[in-house]
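A closer look at the structure
Take a look at the letters that make up each chain.
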Amino acid sequence: MSLEIKDLHAQIPGREILKGLNLIIKPGEVHAIMGPNGSGKSTLSKVLCGHEDYEVTSGEVLLDGENILDMAVDARSRAGLFLAFQYPHEIPGVSNANFLRAALKARLPKGEDIDAVKFYKQLYARMDQLEMDRSFTSRSVNEGFSGGEKKRNEILQLMMLEPKYAILDETDSGLDIDALKIVSRGVNAMRSENRGFLVITHYQRLLNYIQPDIVHVLKDGRIVKTGGKELSLELEERGYDWVTEEPLAAAA
Amino acid sequence: MPTASSETSTGLLSTTPARSTSTPDWFRIRSEAAWTEFQSLPLPGLNDEHWRYSNAKKIELADHAQAKTPTAEQSKAALAATEGLKERAARFVFVNDTLIESDTNSLPADVVCVSFEEALKSHEAVLQQHFMKGEQALGSNKFAALHLAHVKAGTVIIVPKNVVIEKPIEVFHWVVGDHAAIFPHTLVVTGDHAQVSVVDHYRSLEGEGGLSIAIADLVGGSGSQITYAACQELADDAQALHLSSITAGRDASVKSFQVQLGAAFSRSESVSDLVGQGARSDMLSVSLPIGDQIVDQRTLQRHKAPRATSDLLYKNALYGKSRTVFSGLIIVDEGAHYTDAYQTCRNLLNSNEAEANSLPGLEINADQVKCSHGSTSGPIADEELFYLKARGIPDTESRRLIVEGFLADVIERFGNSEVLDTLVARIDEKLLKAE
Ligand SMILES: Nc1ncnc2c1ncn2[C@@H]1O[C@H](COP(=O)(O)OP(=O)(O)O)[C@@H](O)[C@H]1O
Ligand SMILES: [Mg+2]
């Protein structure tokens, strides 16, 4: 069991962004990817989800052995992949509750519906954990939310959908320290030996709260260095410039 | 008495409408004059500004004839198909302009709520005062004349001063048989601080084609509140014309909702006259054209008194090769200072072949006026769709959620009621069909 990314190449017309990326995330592990702006972190997360802007030119992504690159966006999600977006989109007129119900219902056999009482009980419990006001259930998805509220809402969805593998794309950006603590607590509550995490961040700060097992450095579409927690501290101190490609890590 | 069938004549174009012998003289005279007027007026041409992007020939007068009195089976079938509200103040069911059921038991005693035919006998004075008084400002004088020449069905609702009717009055107009035409009429008059809510349903039972030329006039007295919905669900090959006028008196508030779901061609002309200081008119509409359906919407917000508000929000979700035309005009008369007038039409294009036309207009002759108008058209945003799908929601379901979300603010503005629940259920049903 793992989320295995093998020699992944992806491009937008005329420009390759991911240039042979390798990564294996096992259930129970928390991996962090750090890297300078523009190195391809968000691209990686969106390619994994199947965003149509990007063309995968070679490589494989195996989710517990199954190649998901041929699967539609929604099927990948139902297969157990989750992305907390760096910039969550607003969906006018669709309430948070209805949206989550639709997402949960999509995971049930055809014709079955979710138990509304159980749903709200769980939703409220999760919202309490994230210190989100109940009014967020009836508000339109992300519409008029502050940056921090949007990020909390992403984690709320993560908590409700309980994926096998969760990718968090710069969940810390736009959060003040209190919100960061709350969101991290939510994420940590979801850590389990059955779930793998890929935490993408530009700053080391988040990793004080969500402690990674393994830290990777992404530069120019490739993982150029892999290490333990201490690597993130070193990156914080020295920046990214000193990191140069280690052929071994890239080939791992 | 029923008229000649379409096989032996040129239908509505030239068949003299028949009137029952019990019709009061004054009405017979108006009706006959209207028939003469209908025949003398030209059909609006392609360069008539009120028919831009549309075509009056889409209403096929020659192919339709006045609907025949329904058979017992047809009436029974229509009644069975009339699901209606559980909680209602009154209900009327018409089939081919013939009243087959009325239930007014839950109405306060002093409210007048009768069929049009009945009102002709019992409420002549009110009809003389309010019945089809104004010109049609938006291009359908000829069709209005035809309506007046044929009208015999519909409801007349008069709510006296201070009377509040909590539950809605529901009216069903069924059309049945090949090429049958109906002419439903609605007149609502409220006294000071009265309150009423009325829903007109236009439906087809069976038969080819079908035409409804309906008129609804709402007259709101001082401080009164009228909520009105017209839900048009005629058959796919039918044609519908709905001409409505709102006259809002001092501090009156009228909320109207056009729901266009059926018919090959449907046109609504909605005029709001704000005649009293502090009056308010909310003009709302939802349409979901699919296939080759055409929805043609003309609106006029006429501010004749100061400090009045009119707020229009029309939303169309288009599918297939469907087409919408929205033409809206705001006129603020001299002296109508401190007017607030807003007009928004939004079109969501769910297909590359669908086409939405918008013609907004403003004419301001007063000071201290807040006016805005705007229209937008566009497809579902890719990122919106991606977001929903990335949560595991399949494509069609994601699109449906987005369309429902798109329509949500219109629906919310209409308010929360059982009427709304039924309308939303009808809209959702149509959405499933659209996929
Ligand atoms: N859809 C896109 N269209 C054009 N350029 C893109 C697109 N997505 C990513 N890029 C470019 O690819 C590079 C990597 O972007 P991104 O993955 O967002 O970086 P990061 O998240 O690491 O900051 C950037 O130069 C960015 O401008
Ligand atoms: Mg990024």
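A brief structural summary. (Residues numbered from 1 in each chain as written. Chains lettered and ligands numbered in written order. Predicted model: local features only at pLDDT ≥ 70, side-chain atom pairs only at ≥ 80, totals over all residues. Heavy atoms only, no water.)

1. Notes on the overall build of chain B
Keep this limit in mind: The helix and strand labels rest on DSSP assignments: H or I over at least four residues marks a helix, E over at least two residues marks a strand, and numbering proceeds from the N terminus. Within these notes, the globule rule equals 2.2 Å times the number of residues to the 0.38 power, and the radius of gyration is based on C-alpha atoms. Working definition: with a 1.4 Å probe on protein chains only, accessible area under 20% of the residue-type maximum means buried, over 50% means exposed, and in between means partly exposed. Contacts were defined at the residue level, with two residues in contact if any of their heavy atoms lie within 4.5 Å. The accessible surface values rely on the Shrake-Rupley method and a 1.4 Å probe; as for residues, cover is taken only from the protein chains in view. We score Asp and Glu as negative and Lys and Arg as positive, and we do not count His or the chain ends. Charged side chains are reduced to one point each, which is NZ for Lys, CZ for Arg, CG for Asp and CD for Glu.
Looking only at helices and strands, one finds 8 helices and 21 strands in chain B. Here the C-alpha atoms of chain B give a radius of gyration of 21 Å, agreeing with the 22 Å that 2.2 N^0.38 yields for 435 residues. Referenced to the eigenvectors of the C-alpha coordinate spread, the extents of chain B come out at roughly 65 × 50 × 45 Å. Residues classed as buried in chain B amount to 59% of the 435 residues present. Counted over contacts in chain B with a minimum sequence separation of 6, partners at least 24 positions apart contribute 82%. In the structure as shown, chain B presents an accessible area of about 16400 Å², 47% of it carried by carbon and sulfur atoms. Each charge sign in chain B was given a centre, from 39 positive and 57 negative side chains, and these centres are 1 Å apart.

2. Some words on the packing of aromatic side chains
Where we set the bar: Two rings from Phe, Tyr or Trp (for Trp, the six-membered ring) form a pair when their centres sit within 6.5 Å of each other. Planes less than 30 degrees apart are called stacked, planes more than 60 degrees apart edge-to-face, and all others tilted. Ring-over charges, as used throughout, are those where CZ of Arg or NZ of Lys falls within 6 Å of the ring centre and within 35 degrees of the ring normal.
Going through the model one piece at a time under the given rule, you end up with 15 aromatic pairs over all chains. Judged by centre distance (5.8 Å) and plane angle (45°), the rings of Tyr120 of chain A and Tyr124 of chain A are tilted. Remark: Tyr124 of chain A and Tyr120 of chain A occur in helix H4 (residues 116-129); sequence separation between them is 4 residues, near one turn of the helix. Residue class for Tyr124 of chain A comes out partly exposed when judged on its relative accessible area of 27%. With centroids separated by 5.5 Å and ring planes inclined at 75°, the aromatic side chains of Trp26 of chain B and Phe27 of chain B adopt a geometry described as edge-to-face. Here Trp26 of chain B matches Phe27 of chain B in class, with each residue buried. Through successive ring pairs, a cluster of aromatic residues spans Phe85 and Phe99 of chain A together with Phe386 and Tyr387 of chain B. Geometry around Trp51 of chain B places Arg267 of chain B over its ring, the cationic atom sitting 3.5 Å from the centre.

3. Focus on unusual backbone geometry
Note on backbone geometry: most residues besides glycine have negative phi, and most peptide bonds are trans. All names here are of chain B. Positive phi, normally seen in glycine, also occurs at Asn162, with a value near 65°. Mapped onto the elements, Asn162 comes out in the loop between strand E5 (153-159) and strand E6 (169-175). Exposure remark for Asn162: the relative accessible area of 51% places this residue in the exposed category.

4. Examining the side chain of Ser45 of chain A
Relative to the elements of secondary structure, Ser45 of chain A occurs in helix H1 (residues 41-49). Apart from the residues within four sequence positions on either side, Ser45 of chain A is in contact with Leu83, Ile167, Asp169 and Ile200 of chain A.

5. Quick look at the site of ligand 1
Residue and element names in this part refer to chain A. Applied cut-off: Working definition: residue near molecule or strand if any one of its non-hydrogen atoms lies within 4 Å of it. Two N or O atoms form a polar contact when they lie within 3.5 Å of each other; inside protein one atom must be a possible hydrogen donor and the other a possible acceptor, and for residues adjacent in sequence the pair counts only when both atoms belong to side chains.
Close to ligand 1 lie 13 residues, the nearest being Arg15, Gly38, Lys41, Thr43 and Tyr54. Within the side chain of Tyr54, a nitrogen or oxygen atom sits 2.6 Å from a nitrogen atom of ligand 1. Protein coverage of the free-state accessible area of ligand 1, which is 550 Å², stands at 67%. Breaking the shell around ligand 1 down by element, the ones donating at least two residues are strand E2 (15-25) and H1. The element contributing the most residues to the shell around ligand 1 is H1, with 3 residues.

6. A closer look at the coordination of the magnesium ion (ligand 2)
Residue and element names in this part refer to chain A. Note the following rule: Note: metal donors comprise N, O and S atoms at 2.8 Å or less from the metal (3.2 Å for Na, K and Ca); water molecules are not included, so apparent gaps in a site are possible.
Listed as protein donors to the magnesium ion (ligand 2) are Ser42 (OG) and Gln86 (OE1); their distances from the metal cover 2.1 to 2.3 Å. With a gap of 44 residues between them, Ser42 in helix H1 and Gln86 in the loop between strand E6 (81-84) and strand E7 (91-95) connect regions that are remote in the sequence. Like Gln86, Ser42 is buried.

7. Focus: the nonpolar core
Quick note on the threshold: Only buried residues count toward a nonpolar core, which is a set of Ala, Val, Leu, Ile, Met, Phe, Trp, Tyr and Cys residues joined through side-chain atoms within 4.5 Å.
In terms of nonpolar packing, the biggest core is built from 115 residues, with Leu8, Leu21, Leu44 and Ile155 of chain A together with Phe257 and Leu288 of chain B touching the most fellow members. Counting residues per element, this core draws most heavily on helix H7 (residues 395-414) of chain B, at 8 residues. In contact with Ile155 of chain A, not counting residues within four places along its chain, are Ala84, Leu130, Leu168, Thr171, Val183, Gly186 and Val187 of chain A.

8. Considering the sheet that holds strand E3 (residues 30-34) of chain A
All names here are of chain A. Here is the rule we go by: DSSP calls a pair of strands paired once it identifies at least 2 bridges connecting them. Fitting a line to C-alpha atoms yields each axis, with helices limited to the stretch in contact; the angle taken between N-to-C directions then spans 0 to 180 degrees.
Across the sheet, which stays open at both edges, the 6 strands sit in the order E6-E9-E10-E3-E11-E12 with mixed pairing between neighbours. Sheet topology places E6 and strand E12 (222-227) at the edges, where each strand pairs with a single neighbour. Along the sheet, successive strands turn relative to each other by an average axial angle of 20°, direction set aside. Bridge analysis of E3 against strand E10 (residues 196-201) gives 5 bridges, and the strand direction is parallel. Paired with Met34 across the bridge in E10 is Thr201. Where H1 meets the sheet, its contacts fall on E3, E6, strand E9 (165-169), E10 and strand E11 (214-219), and the angle it forms with E6 comes to roughly 145°.

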